[in-house]
Amino acid sequence: MGKLIQPRINVKMPAVSSSFSSVYGFMKPLSKAIFHLWALLLFQALSSMEQFRNLDRDIEGSAKRWKKFVESECPEKERFPQEWKNKSALQHLCMMRALRPDRMTYAVLDFVEEKLGSKYVVGRSLDFATSYEESGPATPVFFILSPGVDPLKDVEKHGKKLGYTFNNRNFHNVSLGQGQEIVAEQALDLAAAEGHWVILQNIHLVAKWLSSLEKKLEQHSEGSHPDFRIFISAEPAASPESHLIPQGILENSIKITNEPPTGMHANLHKALDNFNQDTLEMCTRENEFKSILFALCYFHAVVAERRKFGPQGWNRSYPFNIGDLTISVNVLYNYLEATSKVPYDDLRYLFGEIMYGGHITDDWDRRLCKSYLEEFIKPEMLEGEFLLASGFPLPGNMDYNGYHQYIDDALPPESPYLYGLHPNAEIGFLTQTSEKLFRTVLELQPRDTNLGEGVGTTREEKVKVLLDDILEKLTDEFNIPELMAKVEERTPYIVVAFQECERMNFLTCEIKRSLRELDLGLKGELTMTNDMETLQNAIFLDMVPESWTRRAYPSMSGLGTWFTDLLNRIRELEAWIGDFVLPSVVWLAGFFNPQSFLTAIMQSMARKNEWPLDKMTLQCDVTKRNREEFTSPPREGAYIHGLFMEGARWDMQTGLIADARLKDLTPPMPIIFIKAILVDKQDARNVYPCPVYKTRQRGPTYIWTFNLKTKEKPSKWILAGVALLLQV
């Protein structure tokens, strides 16, 4: 890839020049929120190259044409304006990367299809019977599991055709876990002798036994019954370091992975495929059973496909599967047959807390699952038109084929609205996917070579420049004993300031130590170690080195942006400890541990009023003023800034949460006044309990919950994945 591209295009990223403001000036109106700083700098870099000379002027002069192109729903399918349509496919990719980074995944697919053919981009489903023909006693079939897919159903189905079933006692299914290793070995020995089939599920859960399994498979590969077959399943490793499966098992196996269906249309059909006309007719309360069954199929499709929206979809990824749906339908049947009234509360609890909820480990995800069920399964579903999503009513009483036809005819086109999300959720996720794609491409580039032909800058020279720049800009550590001597009373706020200084010293000391060591290695005065090589690679690839991230705060930024942010945090701390007076407006995102500052607000109030800390909570009031209008901190509590809202926006006029504006992914929040109050004084009416996270990764970066005012039902914002973020 590097050899293919480098001779044609060599982008050398410039510093922010004086013309940056003019570039930003005419880029911003095109599609304001999509353009991050890096995208604008990339655009500036392109405009300075021979192949893209005058691109900036052309956009400025023909803003209407470019605006139409950039704001197109699928710009990768559109022709570029004017003479730019005559550029090569690779050059079109470069322009698309700067103008619409969120569409790069699709643009790259089109590029690969044009250059290599459609077989490299079109997914195809594998016929299991064909794979089975290639297997044998010495050739197991290895299923690499994907979330939401149960490939072993195909094994059971094919086994039934050939006479291998549980009832015939020639089909053994062992789900690996504690104490099941002996059961698995006994099943293998019996099957090898008598020609049975054995399924070993989730072998990644028994890492210590895998070497024994490898020997057992090797032992049975010769001299076993010719009908003996082994089917193995395991989840893929999260990283190269966490690979568990022995190489011998992988080399001898036929490896199969089945991707789950994509899109609501495919997922809803797939969910319904697990039932038939007999299923629909088995319950005496046909109308209620059919309605709730279809709603359950829609619910299953939603929770399975919502994964594609990343952390805004689910904080963590869960293996929801067809088994959850089929068991839920069995429970539904049993309850409807046993009761005279539909027990909606009981059903929602069983589905949301046990069947599907059994997978869920995050409290906010549990709230989301519960909210979906409260929206989809309730008495109103049997009382006239009931919408599962905007433009998609729950169907009436139909036969099995009628439901499939209804999906084809009535389901709206694929859109985040089908999941309760705003269209911005897709833009944000696609942008992050694009960044990950190009990060991977960058990591695949040859490392022991010049950056490009004729550039004259080696990898080591580039790292040396960046290394020197970081060391030059880093300030001295904070002198903690000297600072402590200046303080008369250690209030909760001052304790937080000292803790932050200590954490900052811990981080900056490691940065300086590791960089000075690498500097000596690059000069040849020290032998290059593995740690120094890792550090050099990270700096070259604009990644924050692992030894720094272990001592730092969560961040999803590249090294350049991360270091600029670090310097801002240091300046914020220096300003605070100058006189130890709380800043008029506190930058909450600037803390290593924002929870400690929010807790300090409660501790200060508790000391002042002699309130018990466990009976207190924080009240959040969003102001209508700008940061510049605040000249001193409040008498109680604190003003905070630096928060962003994802999934919606804050309406300054009404003082309420409102629907997001298209392409404005993370609008900034106004100044927020945080004050500690007693729990029994808290007003919980017309508020949305909004989680606050440090980064867009969400999940483990959760810090607090702020109650924000809303006129809408809280469930609307729960389904939309609305949260406050400290970094974007």
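From a predicted model like this one, the values you see are computed outputs, not experimental measurements. (Residues numbered from 1 in each chain as written. Predicted model: local features only at pLDDT ≥ 70, side-chain atom pairs only at ≥ 80, totals over all residues. Heavy atoms only, no water.)

**Q** A description of unusual backbone geometry should follow, citing residues and the corresponding values.
**A** Non-glycine residue R169 carries a positive phi angle of around 60°. Relative to the helices and strands, R169 resides in the loop between α9 (152–162) and β2 (171–175). Judged by its relative accessible area of 68%, R169 is exposed. Backbone geometry at N686 places phi at a positive 55°, although glycine is not the residue there. (Helix = DSSP H or I, 4+ residues; strand = E, 2+ residues; numbered from the N terminus. Buried < 20%, exposed > 50% of the residue type's maximum accessible area, 1.4 Å probe, protein only.)

**Q** Requested: an account of the side chain of S224, with residues and values cited.
**A** Position of S224 relative to the elements: it lies in the loop between α11 (210–220) and β4 (229–234). Here the side chain of S224 touches H220 through a polar contact of 2.4 Å, landing on its backbone oxygen. Beyond its immediate chain neighbours, meaning those up to four positions away, S224 contacts P137 and A192. (Polar contact = N/O pair within 3.5 Å; in protein donor to acceptor, adjacent residues only side chain to side chain. Contact = heavy atoms within 4.5 Å.)

**Q** Describe in detail the pattern of salt bridges, supporting the description with residues and values.
**A** Opposite charge on two side chains permits pairing when their charged atoms draw close. Tallied over the entire structure, the rule returns 31 salt bridges. Linking D519 and K464 is a salt bridge whose minimum nitrogen-to-oxygen distance equals 3.3 Å. In this pair, D519 is assigned in helix α23 (residues 492–523) and K464 in helix α21 (residues 459–473), connecting sequence segments 55 residues apart. Here K523 makes a salt bridge to D519, at a shortest N to O gap of 3.4 Å. (Salt bridge = Lys/Arg side-chain N within 4 Å of Asp/Glu carboxyl O.)

**Q** So, the UniProt feature "domain: Dynein heavy chain AAA lid" (unreviewed entry) in the protein chain: which residues are in play, and what are the values?
**A** In the numbering used here, UniProt assigns the feature "domain: Dynein heavy chain AAA lid" (unreviewed entry) to residues 289–425. Taken end to end, residues 289–425 has its terminal C-alpha atoms 34 Å apart, with 53% of it in helix and 4% in strand. (UniProt positions renumbered as here; feature names shortened; annotations may be inferred.)

**Q** Give a detailed account of the state of the cysteines, specifying residues and quantitative values.
**A** Counted under the stated rule, the structure contains 0 disulfides. For C501, which is in no disulfide, the shortest distance to another cysteine sulfur is to C509 and amounts to 13 Å. Owing to a relative accessible area of 0%, C501 belongs among the buried residues under this scheme. (Disulfide = S-S within 2.5 Å.)

**Q** Account for the domain arrangement of the protein chain, naming residues and giving values.
**A** The domains assigned to the protein chain are domain 1 (27–118), domain 2 (128–257), domain 3 (264–421) and domain 4 (582–727). Centre-to-centre, using C-alpha coordinates, domain 3 lies 34 Å away from domain 4. In this assembly, 16 residues from domain 3 lie in contact with 20 residues from domain 4. Summing the contributions of domain 3 and of domain 4, the shared interface buries around 1,300 Å²; its carbon and sulfur component is 53%. It is Q312, W364 and R367 that lose the most area in domain 3 upon contact with domain 4, and together they represent 42% of the buried surface on that side. Counting across the interface, domain 3 meets domain 4 through 1 salt bridge. Of the charged contacts, one joins K713 and E375 as a salt bridge, the two residues approaching to 3.4 Å between their closest N and O atoms. Of the residues in the side of domain 3 that touches domain 4, the class split is 6 nonpolar, 4 polar and 6 charged. (Domains from an automatic or database assignment. Buried area = accessible area lost by both parts, 1.4 Å probe. Nonpolar A, V, L, I, M, F, W, Y, C, P; charged D, E, K, R; others polar.)

**Q** Please set out the sheet that holds strand β1 (residues 141–144) residue by residue, giving values where relevant.
**A** On the basis of which strands lie adjacent, the open sheet formed by 5 strands has the order β2-β3-β4-β1-β5 and parallel pairing. Pairing within the sheet leaves two strands with one partner each, and these edge strands are β2 and β5 (254–257). With direction set aside, neighbouring strand axes in the sheet form an average angle of 15°. Here β1 pairs with β5 via 4 bridges, running parallel. By the bridge assignment for β5, I144 is matched with T257. Along the sheet, α9 contacts β1, β2, β3 (197–201) and β4; its crossing angle with β3, the most-contacted strand, is approximately 170°. (Pairing = 2+ DSSP bridges. Axes fitted to C-alpha atoms, helices over the stretch in contact; angles between N-to-C directions.)

**Q** Could you give an account of the pairing of strand β10 (residues 638–641), with specific residues and numbers?
**A** Each regular strand displays side chains that alternate between the two surfaces of the sheet. The alternating pattern of β10 places A638 and I640 on one face and Y639 and H641 on the opposite face, and all of these are buried. Alignment of strand β8 (residues 586–587) against β10, held across 2 bridges, turns out to be parallel. Within β10, the residue paired with W587 across the bridge is H641. As paired elements, β10 and strand β14 (residues 672–678) share 3 bridges and run antiparallel to each other. Across the sheet, the residue bridging to I640 is I672, located in β14.

**Q** Any details on the sheet that holds strand β15 (residues 687–693)? Residues and values, ideally.
**A** The strand order across the open sheet built from 4 strands is β11-β17-β15-β16, with neighbouring strands paired in mixed fashion. Strands at the two margins of the open sheet, each flanked by one partner only, are β11 (644–646) and β16 (702–709). Between one strand axis and the next, the sheet turns by 35° as a mean value, whatever way the strands run. Here β15 pairs with β16 via 7 bridges, running antiparallel. By the bridge assignment for β16, Y693 is matched with Y702. Sitting on the sheet, helix α18 (residues 363–376) is in contact with β15 and β16, with an inclination near 145° to β15.

**Q** Now, about the pairing of β3: what can you tell me, with residues and values included?
**A** In terms of burial, β3 is a largely internal element, 5 of the 5 residues being buried. The side-chain alternation of β3 yields two buried faces, one formed by W197, I199 and Q201 and the other by V198 and L200. Summarising the sheet, β2 and β3 pair through 5 bridges and their orientation is parallel. Looking across to β3, one finds that H172 is bridged to V198. Taken together, β2, helix α10 (residues 181–194) and β3 constitute a β-α-β crossover, and its handedness is right-handed. Pairing of β3 with β4, which is carried by 4 bridges, proceeds in the parallel orientation. Note on β4: the bridge partner recorded for L200 is I232. (Right-handed = clockwise from strand over helix to strand, strands pointing away.)

**Q** Could you give an account of helix α24 (residues 530–540), naming the residues involved and the relevant values?
**A** Listing the buried residues of α24 in full gives M532, L535, Q536, N537, A538, I539 and F540. Those residues of α24 that are buried lie in contact with α21, α23, α25 (546–549) and α26 (559–577). Residue D542 follows α24 closely and has a positive phi angle near 60°.

**Q** Quick one: what's the story with the environment of F386, residue by residue and with numbers?
**A** As for its position among the elements, F386 is in the loop between α18 and β6 (387–389). Since its relative accessible area comes to 6%, F386 is described here as buried. Between the C-alpha atoms of F386 and R516, which are 130 residues apart in sequence, the distance is 66 Å.

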